[in-house]
Amino acid sequence: MANTLHFYSPQTAQMLLMAQQVRAWERLGPADYAALQQRQLHGLMRHAHQYSPFWCERLEAAGFTAGPAAAPGAVLARLPILTRADLQTHFSAARARWPALQESDVATSTTSGSTGEPVRVEKVSAMYAPLYAAISWIEAQWHGRNPTRKIAVLAPGIGDGTRDTWGDMYSAMGLRGMSVMRNLTLHSTESHLEWLQEHRPDYLKCSPLAAAELARFALARGLHIPLQQIISQSERITPGQRALCHRAFGAKIVDRYSCEETGWIGLQCPEHDHLHLLGATTLMEIVDDQGQPCPIGVRGRVLVTSLHSLAMPIIRYELGDLAEWGHACSCGMTLPVIARLWGRTRHQLQLPDGPLPMPFLGDELGLIETIRAFRIRQYTDGTLELEIEAADPFTPAEHRAVRAIFDTNGLGSLPLHISQTPRIDWPPGRKREEFERVAHAWTEKPPGGTALPHA
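Parameters and conventions
- Residues numbered from 1 in each chain as written.
- Predicted model: local features only at pLDDT ≥ 70, side-chain atom pairs only at ≥ 80, totals over all residues.
- Heavy atoms only, no water.
- Helix = DSSP H or I, 4+ residues; strand = E, 2+ residues; numbered from the N terminus.
- Rg over C-alpha atoms; globule rule 2.2 N^0.38 Å.
- Areas by Shrake-Rupley, 256 points an atom, 1.4 Å probe, with all protein chains shown as cover.
- Lys, Arg positive; Asp, Glu negative; His and termini not counted.
- Charge placed at Lys NZ, Arg CZ, Asp CG, Glu CD.
- Pairing = 2+ DSSP bridges.
- Axes fitted to C-alpha atoms, helices over the stretch in contact; angles between N-to-C directions.
- Core = buried A, V, L, I, M, F, W, Y, C linked by side-chain atoms within 4.5 Å.
- Buried < 20%, exposed > 50% of the residue type's maximum accessible area, 1.4 Å probe, protein only.
- Contact = heavy atoms within 4.5 Å.
- Left-handed = near helix turned anticlockwise from the far one by under 90°.
- Nonpolar A, V, L, I, M, F, W, Y, C, P; charged D, E, K, R; others polar.
- pLDDT = per-residue confidence, 0-100.
- Arc of directions from axis to C-beta.
- 1 Å grid on protein atoms, 1.4 Å probe; cavity = no way out; pocket = protein on both sides within 12 Å on 5 of 7 lines; lining within 4 Å.
- Points joined across faces, edges and corners; volume = space filled by probe spheres on them.
- Polar contact = N/O pair within 3.5 Å; in protein donor to acceptor, adjacent residues only side chain to side chain.
- Salt bridge = Lys/Arg side-chain N within 4 Å of Asp/Glu carboxyl O.

Colleague: Honestly, the overall build of the protein chain in this entry has me stumped. Any pointers?
Modeller: Of the regular secondary structure elements, the protein chain holds 13 helices and 21 strands. For a compact globule of 455 residues, the expected C-alpha radius of gyration is about 23 Å, and the protein chain comes in at 23 Å, within 12% of that figure. Seen along its three principal axes, the alpha-carbon backbone of the protein chain occupies a region of about 70 × 60 × 40 Å. By element, 54% of the accessible surface of the protein chain is carried by carbon and sulfur atoms, the whole surface being about 20800 Å². A gap of 4 Å separates the mean positions of the 43 positive and 46 negative side-chain charges of the protein chain.

Spelled out as structure tokens, the structure:
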């Protein structure tokens, strides 16, 4: 169907062209995909070797050569894993400065520091900004989003307000859907529901935990607020949260995988709940504790190489996440499948025979309707404390159900104490840490809670 002509700004035209190039990777055969990634990797390594003192030394030690016979994949496997400490300690040496680059063209991103180790990463604004916008546009296309409709945004750190567009990228293309915004932490969940009822948005953008809380309140009050999609941000999504939101709003949660250091990593498949890796921009490895590649279905540590990180090359960087590869997708796209994100490496319970990721706890505890939120602490003697946020007192049957979840997932040998509170006192910040390790042994029952001895 023909449309009137629309003349885009040079920045918007560049973004749309970049989106077209990225989408060209969606149905590549395995050989073509691998060849293109290796070509981009070699270009990044050659650039890093020439202009970054840190990477020159590290690449030469791994046997890198700039010639046409170079094997960048083999060099990559020999490179040491890049850590947060490396970027902190060698910030200046890790930068790449070529003669034509102006300092005014470089932007600095800083991670949230949720690990206690904030990291600074430099990016070329003229490259990073249109690429980030292009992938945002692709994600909206994958999921059939209509940017002329209304979107509601709930997030900490934003002001309450209304805009006549979803953002600069959309307004530049003449797509003007209303955006209503509200601070998540300054208002109650009940008032958020009233706000949604008043505005009746088509889409809601918020954390999956906030969406699940809204869903529970809506179901309890018999409210029907139809949504087309819930756009996730900041946190891992559990099956329980997906089910709750579908029951309450008739909407699916759309997941995205990104980090401050590199930008977009993966997007949820248009047809399934798993993610597709954005191979045009990111080379991702999943490795075991010895640094060897994990096969499909085996969880491991996530390493990312940002293929366009020219101002500060990011090669084999350990994000601190756990994930596993999946089998080829039936949707028609050949992009690699990230079957599951297991959470952060630091969010692992310590057992006598080694660490155990805890996402199953969120998946299964989230199915108990009384539980609005939870937090787990593990003490140095192995003792677990489960703090549950619930409006109504737990029944004996619900206590047994909680204990069964811990026991059937291999935690039966650890003492477990359960406490209940109307509201968990979360620390400020964008992400809620559902697990934390305490640097002393368990000593006494939590004040005001219900602590039961381990069965």
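That shown, we press on.
Colleague: Mind showing me how you'd approach the sheet that holds strand β18 (residues 373–378) here?
Modeller: Strands belonging to one sheet form pairs held by backbone hydrogen bonds; the direction of such a pair is parallel or antiparallel. Taking strand neighbours across the sheet as the criterion, the four strands line up as β20-β19-β18-β21 in an open arrangement whose pairing is mixed. Two strands bound the open sheet, and with one partner strand each, they are β20 (416–421) and β21 (435–437). Within this sheet the neighbouring strands show an average axis-to-axis angle of 20°, counted without direction. Where β18 lies against strand β19 (residues 384–389), six bridges are found, and the strand directions are antiparallel. The residue bridging Ala-373 from the neighbouring strand is Glu-389, located in β19.

Colleague: What is the right way to look at the nonpolar core in this model?
Modeller: One broad trend across soluble globular proteins is that nonpolar side chains are buried collectively. Core analysis: the largest hydrophobic core is formed by 78 residues, its most contacted members being Leu-79, Tyr-257, Met-284 and Ile-338. Considering every element that reaches this core, the biggest residue donor is helix α7 (residues 125–142), with eight residues. Among residues more than four places away in sequence, those in contact with Met-284 are Tyr-257, Ile-265, Leu-277, Val-302, Leu-303, Val-304, Ala-323, Trp-325 and Ile-338. Residues Leu-196, Leu-204, Cys-206 and Cys-245 belong to the second largest nonpolar core, which totals 27 residues.

Colleague: Please explain helix α9 (residues 189–199) as it appears in this structure.
Modeller: Residues that lie three or four places apart on an α-helix share one face, since the helix turns once every 3.6 residues. Among the residues of α9, Thr-189, Ser-191, His-192, Leu-193, Trp-195, Leu-196 and His-199 are the ones counted as buried. At its buried positions, α9 is contacted by β3 (151–155), β5 (179–183), β6 (203–206) and α10 (208–220). A positive phi of about 50° marks Arg-200, the residue just after α9.

Colleague: Quick question: what am I supposed to make of the packing of helix α1 (residues 10–23) against α7 here?
Modeller: Each pair of packed helices can be summarised by the angle the axes make with each other and by the distance between the axes. Put simply, α1 and α7 touch, their axes get as near as 8 Å, and they point 65° apart. The interaxial crossing formed by α1 with α7 has right-handed handedness. Counting all contacts with α1, which are made through Gln-14, Met-15, Leu-16, Met-18, Ala-19, Val-22 and Arg-23, the residues of α7 involved are Ala-126, Pro-130, Leu-131, Ala-133, Ala-134, Trp-137, Ile-138, Gln-141 and Trp-142. The residue makeup of the contact of α1 with α7, split by class, is 13 nonpolar, two polar and one charged.

Colleague: Could you clarify how one ought to interpret the confidence of the model for the protein chain in this entry?
Modeller: In low-pLDDT segments, the atomic positions of the prediction should not be examined closely. Residues with a pLDDT of 70 or more make up 93% of the protein chain, whose mean pLDDT is 88. A low-confidence stretch, residues 446–455 (pLDDT under 50), is modelled with 27 contacts involving residues beyond four sequence positions or located in other chains.

Colleague: Whenever I open this one, helix α3 (residues 53–61) confuses me. Can you help?
Modeller: Among the residues making up α3, those that are buried are Phe-54, Trp-55, Arg-58 and Leu-59. In an axial view of α3, the angular spread of the buried residues amounts to 110°, which keeps them on one side of the axis. The exposed set on the far side of α3, more than 90 degrees from its buried face, consists of Pro-53, Glu-57 and Ala-61. Buried residues along α3 sit against α2 (30–51), α4 (72–78), α5 (84–89) and α6 (91–94). Looking one or two residues past α3, Gly-63 carries a phi angle of roughly 90°, positive in sign.

Colleague: I keep staring at empty space enclosed by the protein and nothing clicks. Help me out?
Modeller: It is a probe the size of a water molecule, rolled over the atoms, that shows where empty space is left. All told, the structure shown has one cavity of 30 Å³ or more when counted by the stated rule. In this structure, the largest cavity encloses a volume near 230 Å³. Tyr-128, Leu-131, Thr-262, Ser-306 and His-308 are the residues nearest the centre of the largest cavity, which is lined by 22 residues in total. Mapped by element, the contributors of at least two residues to the lining of the largest cavity are β2 (120–124), α7 and β10 (263–268). Broken down by element, the residue count for the lining of the largest cavity peaks at five residues, all from α7. A breakdown of the residues in the lining of the largest cavity according to their chemical character gives 12 nonpolar, seven polar and three charged.

Colleague: In this structure, what is going on with the environment of Arg-256? I would like to understand it.
Modeller: Within the secondary structure, Arg-256 sits in strand β9 (residues 256–259). Arg-256 sits 123 residues away from Tyr-379 along the chain, and the two C-alpha atoms are 32 Å apart. Excluding residues that lie within four positions of it along the chain, Arg-256 makes contacts with Glu-139, Lys-205, Ile-231, Ser-232, Trp-264, Gly-266, Leu-267 and Leu-275. Of note is the side chain of Arg-256, whose polar atom sits 3.2 Å from the side chain of Glu-139.

Colleague: Any chance you could explain the pattern of salt bridges here in plain terms?
Modeller: Any two side chains of opposite charge can pair if their charged atoms end up close together. Considering all chains together, one arrives at 20 salt bridges under this definition. Residues Asp-86 and Arg-58 are paired through a salt bridge, measuring 3.5 Å at the closest nitrogen-oxygen approach. Here Arg-58 lies in helix α3 and Asp-86 lies in helix α5, a separation of 28 residues in the sequence. Side by side, Asp-86 and Arg-58 carry an identical accessibility label, which is buried. Glu-389 is the partner of Arg-423 in a salt bridge, and the nearest nitrogen-oxygen pair spans 3.2 Å. Of this pair, Arg-423 sits in the loop between β20 and β21 while Glu-389 sits in strand β19; the two residues are 34 residues apart in sequence, bridging distant segments of the chain. Classification of Arg-423 as partly exposed rests on a relative accessible area of 41%. Through salt bridges that share partners, Arg-375, Arg-377, Glu-385, Glu-387 and Glu-436 make up one connected network.

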